[in-house]
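Geometric and topological summary
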Amino acid sequence: QVQLVQSGGGLVQPGGSLRLSCTPSGSIFSINVMYWYRQAPGKEREWVAGIGSGGTRNYANSVLGRFTISRDNVKNTVYLQMNSLKPEDTAVYYCKAVGKADGPFTSWGQGTQVTVSS
């Protein structure tokens, strides 16, 4: 129903910035909410940020004030701008789409590595 392709990520020094992108294809108009999650080595996947179809945004306390989730409705792309990165932000980042087409669905991107290290 919906496929997600991610781009961005990489290696950055502490205090640096990165931007992740997530582009959906398929039944994109059935998407209600887009999220970013992350999973660090040895830890469970955790929610980072979300943006609703009306533009409402929410953030985990750990990234509030440093990360910004946004969407470009022309490009049908959701972004995660990450500033003031810390070593503890190191993780594989995933985007997720939740919506309803023939029935409710959840789709995940392929994941992208973000490493914050000097």
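Residues numbered from 1 in each chain as written. Predicted model: local features only at pLDDT ≥ 70, side-chain atom pairs only at ≥ 80, totals over all residues. Heavy atoms only, no water.

1. Thoughts on the overall build of the protein
What the protein contains, in helices and strands, is zero helices and eleven strands. The order of helices and strands in the protein, counted from the N terminus, is β-β-β-β-β-β-β-β-β-β-β. Viewed in the frame of its principal axes, the protein has a C-alpha envelope of about 45 × 25 × 25 Å. In the protein, once contacts between residues fewer than 6 apart in sequence are set aside, the share between residues at least 24 apart is 54%. A distance of 4 Å separates the average location of the 11 positive side-chain charges in the protein from that of its 6 negative side-chain charges. (Helix = DSSP H or I, 4+ residues; strand = E, 2+ residues; numbered from the N terminus. Contact = heavy atoms within 4.5 Å. Lys, Arg positive; Asp, Glu negative; His and termini not counted. Charge placed at Lys NZ, Arg CZ, Asp CG, Glu CD.)

2. Focus on the pairing of strand S8 (residues 77-82)
Most of S8 is tucked away: five of the six residues are buried. Where strand S7 (residues 67-72) meets S8, six bridges bridge the pair, whose relative direction is antiparallel. Looking across to S8, one finds that Asp72 is bridged to Thr77. Between S7 and S8, which follow one another and run antiparallel, lie four residues, and Asn76 among them has a positive phi close to 55°. (Buried < 20%, exposed > 50% of the residue type's maximum accessible area, 1.4 Å probe, protein only. Pairing = 2+ DSSP bridges.)

3. Some points on the side chain of Arg66
Structurally, the position occupied by Arg66 is in the loop between strand S6 (57-59) and S7. Among the polar contacts made by the side chain of Arg66, one reaches the main-chain carbonyl oxygen of Ser84 at a distance of 3.0 Å. Once residues within four sequence positions are removed from consideration, Arg66 is found in contact with Gln81, Met82, Asn83, Ser84, Leu85, Lys86 and Asp89. (Polar contact = N/O pair within 3.5 Å; in protein donor to acceptor, adjacent residues only side chain to side chain.)

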